[in-house]
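# Remarks on the overall topology
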Amino acid sequence: MSTLPTPPACGEPATVRIELYTADSLDACAYTCPAHTVHVTAVVAKTGMDAHPVGMAPDVDRPCGYVHVFPTGTLATEPAGLTHPRWCDRGDCARRGRHRSPALHLDTNRPEAFIVDVALVQALHPAAEPMVHLTSVEGSAAAGLLLSVGQARVLRYRLGNLIDMTKATRNGERWT
């Protein structure tokens, strides 16, 4: 599924990393020497991708022409017979038996009684729909809850209403 052009590979040490975007997705990085940066940026732009040259961290060592394609981007190649949703982390889906997004930690920046993470999951069956997976951990005990996307959408609105009620007043007193 790659439409990425092959940049010149002179082998000199790269000093520029060019981030390659399609739509709003960071899909790859191309590494170039100063002599090839303008050429690679122009060639990438002709493919319809956005190219953003940025500096390289001093501890990164790449040759000119090296390209890293992110496994979660639109340029990634799929394993034989397995197609991933765009949000999938592509981390051993066949073994897990499902696609999974990266888990997002619900961090309030304060100590909380429970650790809570949320992620998207989807069985590998072609007719399976994505679901929202909430995981709560207290000590060594973990509990999970699967919600359809519809249920999660309604929950989002219900939570918004409940949070708004904490800001409302009753008889001149604030509810908390």
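Since we're looking at a predicted model, the values are computed, not measured.

Check the secondary structure of the chain and you find three helices and 11 strands. In sequence order, the secondary structure elements of the chain are arranged as β-β-α-β-β-α-β-β-β-β-β-α-β-β. Counting all 176 residues of the chain, 26% fall into the buried class. For the chain, the proportion of contacts with a sequence separation of at least 24, taken over those separated by at least 6, is 44%.

Under the definition given, this model contains one aromatic pair. Geometry around Tyr31 places Arg62 over its ring, the cationic atom sitting 5.5 Å from the centre. Here Arg156 stacks its cationic end above the ring of Tyr157, 4.7 Å away from the centre of that ring.

Another point: helix H1 (residues 37–46). Of the positions making up H1, those classed as buried are Thr37, Val40, Thr41 and Val44. Looking straight down H1, one finds its buried side chains confined to an arc of 100°; they lie on one side. Looking at H1, the residues exposed on the side facing more than 90 degrees away from the buried face are Val38 and Lys46. Residues of H1 that are buried make contact with strand E1 (16–22), strand E2 (25–32) and strand E3 (50–55). Once H1 finishes, Gly48 follows within two positions and takes phi at roughly 95°, a positive value.

This model, assessed by the stated rule, comprises zero disulfides. Counting only cysteine sulfurs, Cys64 is the nearest neighbor of Cys33, a cysteine outside any disulfide, at a range of 3.6 Å. Judged by its relative accessible area of 5%, Cys33 falls in the buried class.

Let's shift gears to unusual backbone geometry. Its identity as a non-glycine residue notwithstanding, Asn109 has a phi of 65°, on the positive side. Considering the arrangement of structural elements, one finds Asn109 in the loop between strand E6 (104–105) and strand E7 (115–123). The class of Asn109 is exposed, set by a relative accessible area of 71%.

Relative to the helices and strands, Met56 is located in the loop between E3 and strand E4 (67–69). Looking at Met56, the relative accessible area reads 17%, which means it is buried. Note: C-alpha distance between Met56 and Ile18 (38 residues apart in sequence) is 9.3 Å.

Conventions and cut-offs
Residues numbered from 1 in each chain as written. Predicted model: local features only at pLDDT ≥ 70, side-chain atom pairs only at ≥ 80, totals over all residues. Heavy atoms only, no water. Helix = DSSP H or I, 4+ residues; strand = E, 2+ residues; numbered from the N terminus. Buried < 20%, exposed > 50% of the residue type's maximum accessible area, 1.4 Å probe, protein only. Contact = heavy atoms within 4.5 Å. Phe/Tyr/Trp six-rings, centres within 6.5 Å; stacked < 30°, edge-to-face > 60°. Lys NZ or Arg CZ within 6 Å of the ring centre and 35° of its normal. Arc of directions from axis to C-beta. Disulfide = S-S within 2.5 Å.

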